[in-house]
Amino acid sequence: MSTTAARSWSRVRSLLPGRDDVAAARRDPKRDLLAGLTVAIVALPLALGFGVSSGLGAESGLATAVVAGALAAVFGGSNLQVSGPTGAMTVVLVPIVARYGPGGVLTVGLVAGLMLIALALARAGRYMQYVPASVVEGFTLGIAGVIGLQQVPNALGVPKPEGDKVLVVTWRAIEAFVRAPNWTAVALAAVVAAVMLLGARWRPTVPFSIIAVIAATAVAQVFHLDAARPIGDLPSGLPTPSLSFLEPGALGSLLAPALAVAALAALESLLSASAADAMTVGQKHDPDRELFGQGLANIAAPLFGGVPATGAIARTAVNVRTGAGSRLASLTHAAVLAVIVFAAAPLVSRIPLAAVAGVLIATAIRMVEVGSLRAMARATRSDALVLFLTAAATLALDLVYAVLIGLGVAGILALRAVAKQARLDQVPIKADLPGDHSAEEHALLAEHIVAYRIDGPLFFAAAHRFLLELSEVADVRVVILRMSRVSTIDATGALVLKDAVTKLDRRGVVVLASGIRPGQRQTLESVGALDLLRHEGREFATTPEAIAAARAHLQGAGVLPLPAQKPAAVTEEKPAR
């Protein structure tokens, strides 16, 4: 096997399950099985709700939870991650369903899975650490708002209006409700949401979501509440794997939506895995392997009619809090849901849509961490701006654009903050003046030589301010630039430095530089700035050397007096004896 092939195989092998995963599952299987059962109970109404919200139906949500949940549990990079359909992914899928139909969504999911595997092989998981917390918080706040607004039609008991913008659909649903109110649906949704929210505060470990859904379903059946529309028929089992949904001719137009789905799946899954690590001691996920597992899950789920999946923050948190310690828990969650699909589909089909809407509204409310938002908003004005801008963009546009906008604004504000750290300070030359000099000579040198120390980064965001400050230098003959404290310099900074030297030269001001670091020489050489200094002999290793050269220049120009010559020694002749 060649070296390249060996490296490739080693890379793929590092993404596959190992003995450590099996060993972890054997440590406390009873605890993991109980945790998996609890998560499955919590996940059932969520899977149904997100399937309905996506536009593909409740059966798609269940298929995703079973297939994607199992594969991500085995091949993912976190021992505690629980994967399946999520509200964030639903937000992205709604406009895709409206434009391309169910077949387009399934194709998008498969292509997105291939993209995730490519990202895993390219080791892209490590770049997650560069996403600012303010973007994540704004992203989560926006998702919560969109999830809640998406449930308004079902909560009001009206057919879902046409449109792919959540604000527009919500407004149309309210108009339809005003024309024909359905108070039964409103009551069911409100009671289910209230039971979940109040129950979570009273007994956090009790799965009030499933209790509220069962109670709402029983009430609707006993009292024959026709206004409470049920989910509808569900298949007894998973669909047979099929590739009939693929449309090769449409793949070109589906690449952009697939990229959006892949980006969201990567972002949400890695965020969820990081949150799981933070809630435990001794757990650390592998981000590249997590992308690989999510890729396999998203390739397989569409074959069974499922929607694209990601790591689910809410279900992962339940998994951790109920004592899970290995992948066995999340695998158990998928197995329990599979049993429900095969054995209890007729019962699940009777659940009112309003009850499912209540579950998702309560979930959206619980996603909003008021304390975290308040802390982020008070941290800095930049963090507050990025947070609320990301949240607003999520509501008005879509999640991918929102994250891109948030990252862009955060990057600009970060550059602005870094640029402010760059300073051009005038410093006295007395401490670095070589030799012993009188007060008069010190004063004379200070009249004609000025030294500036450049602190911080000299790059495009700060370079033009630097040029403006340096160009204002007047009434001196020599300028010494002390560059030992320049942390970094880019091409723009080097060009500005060259321009400043040239402009001062034209005014008859000689510019000397000292302390240029080795790492900055290549950038300065690339634009000719270093050659300009070298050609005139104006670059020096230390500041005292530059001051000595400046003094010599002023003496040569007649500005300073030449050093006095010592008289030659006279030898007296002794008289001959």
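Everything here concerns the structure above.
The model shown is predicted, which means the values in this text are computed figures rather than measured ones.

Student: What should I look at first to understand the overall build of the protein in this one?
Tutor: Assigned secondary structure in the protein consists of 25 helices and 8 strands. Across the 577 residues of the protein, 49% fall into the buried class. In the protein, once contacts between residues fewer than 6 apart in sequence are set aside, the share between residues at least 24 apart is 84%. Element-wise, carbon and sulfur atoms account for 61% of the exposed surface of the protein, whose accessible area totals about 27,800 Å².

Student: Looking at this structure, I do not really get the pairing of strand β7 (residues 510–514). What am I missing?
Tutor: Across a regular strand the side chains alternate sides, sitting on one face of the sheet and then on the other. Counting buried residues along β7, 5 of its 5 residues qualify, which places the element largely inside the surrounding structure. By the bridge criterion, 5 bridges tie strand β5 (residues 478–482) to β7 in an arrangement that is parallel. Each bridged residue has a counterpart across the sheet, and for Val478 the counterpart in β7 is Val510. Of the pairings in the sheet, the one linking β7 to strand β8 (residues 539–540) comprises 2 bridges and is parallel in character. Note that in β8 the partner of Ser514 across the bridge is Phe540.

Student: Help me out: how do you make sense of a nonpolar patch on the surface in this one?
Tutor: On the surface, a cluster of nonpolar side chains totalling about 270 Å² of accessible area is made up of Trp9, Val12 and Leu121. Summarising the element assignment, Val12 is placed in helix α1 (residues 3–13).

Student: Any chance you could explain the packing of aromatic side chains here in plain terms?
Tutor: Each aromatic ring pair is summarised here by two numbers: the centre-to-centre distance and the angle between the ring planes. Summed over all chains, the structure comprises 2 aromatic pairs. Ring geometry for Trp202 against Phe208: centres 6.3 Å apart, planes inclined by 45 degrees, an arrangement best described as tilted. On the basis of relative accessible area, Trp202 is assigned to the exposed category, the value being 56%.

Student: Just checking my understanding: could you explain the packing of helix α3 (residues 29–54) against helix α5 (residues 87–121) for this structure?
Tutor: When two helices pack together, their arrangement is given by the angle between their axes and by how far apart the axes lie. Where α3 contacts α5, the axes come no closer than 8 Å and their chain directions differ by 25 degrees. Judged by the inter-axis angle, α3 sits roughly parallel to α5. The residues of α5 that touch α3, namely those facing Phe50, Ser53 and Ser54, are Gly87, Thr90, Leu93, Val94 and Val97. The residue makeup of the contact of α3 with α5, split by class, is 4 nonpolar, 4 polar and no charged.

Student: In this structure, what is going on with helix α14 (residues 327–343)? I would like to understand it.
Tutor: Owing to its 3.6 residues per turn, the α-helix aligns residues three or four sequence positions apart on the same side. Taking 1.5 Å per residue as the helical rise, α14 with its 17 residues ought to reach 24 Å, and the 25 Å between its terminal C-alpha atoms agrees with that figure. Within α14 the residues assigned to the buried category are Arg327, Ala329, Ser330, Thr332, His333, Ala334, Leu337, Ala338, Ile340 and Val341.

Student: Can you walk me through the nonpolar core in this structure?
Tutor: Soluble globular proteins tend to bury their nonpolar side chains together. Grouped together as the largest cluster of nonpolar side chains are 80 residues, with contacts concentrated most on Val261 and Leu337. With 14 residues, the top contributor of residues to this core is α5. Judged by nonpolar contacts, the second largest core, of 31 residues, contains Phe466, Met483, Ala494 and Ala529.

Student: How should I be thinking about unusual backbone geometry in this particular structure?
Tutor: Residue Arg123 is not a glycine yet carries a positive backbone phi of 60 degrees. Structurally, the position occupied by Arg123 is in the loop between α5 and α6 (133–150).

Student: Explain the environment of Ala377 here, please?
Tutor: You can see Ala377 is positioned in helix α17 (residues 370–379). For Ala377, a relative accessible area of 28% corresponds to the partly exposed category. Between the alpha carbons of Ala377 and Leu387 there is a distance of 7.5 Å; along the sequence they are 10 residues apart. Aside from chain neighbours lying at most four places away, what touches Ala377 is Ala384 and Phe388.

Student: Where do I start with the pattern of salt bridges in this structure?
Tutor: Side-chain pairing between opposite charges can occur once the charged atoms of the two side chains come close. Going through the model one piece at a time under the given rule, you end up with 7 salt bridges. Taking the shortest distance from any N to any O, the salt bridge between Arg521 and Glu539 comes out at 2.5 Å. In this pair, Arg521 is assigned in helix α23 (residues 518–526) and Glu539 in strand β8, connecting sequence segments 18 residues apart. One connected set of salt bridges, linked through shared partners, spans Arg423, Asp425, Arg453 and Asp455.

Student: Even after reading the chapter, I still don't get the environment of Val74, so can you show me in this structure?
Tutor: Positionally, Val74 belongs in helix α4 (residues 58–75). On the basis of relative accessible area, Val74 is assigned to the partly exposed category, the value being 31%. Spatially, the C-alpha atom of Val74 lies 9.9 Å from that of Val22, the residues being 52 residues apart in sequence. Residues contacting Val74, with those up to four places away along its chain left out, are Pro17, Arg289, Arg327 and Leu331.

Criteria and thresholds
Residues numbered from 1 in each chain as written. Predicted model: local features only at pLDDT ≥ 70, side-chain atom pairs only at ≥ 80, totals over all residues. Heavy atoms only, no water. Helix = DSSP H or I, 4+ residues; strand = E, 2+ residues; numbered from the N terminus. Buried < 20%, exposed > 50% of the residue type's maximum accessible area, 1.4 Å probe, protein only. Contact = heavy atoms within 4.5 Å. Areas by Shrake-Rupley, 256 points an atom, 1.4 Å probe, with all protein chains shown as cover. Pairing = 2+ DSSP bridges. Patch = residues over 30% accessible without salt bridge, like charges linked within 9 Å, V, L, I, M, F, W, Y side chains within 5 Å. Salt bridge = Lys/Arg side-chain N within 4 Å of Asp/Glu carboxyl O. Phe/Tyr/Trp six-rings, centres within 6.5 Å; stacked < 30°, edge-to-face > 60°. Axes fitted to C-alpha atoms, helices over the stretch in contact; angles between N-to-C directions. Parallel < 35°, antiparallel > 145°, perpendicular 65-115°, else oblique. Nonpolar A, V, L, I, M, F, W, Y, C, P; charged D, E, K, R; others polar. Expected span 1.5 Å × (residues − 1). Core = buried A, V, L, I, M, F, W, Y, C linked by side-chain atoms within 4.5 Å.

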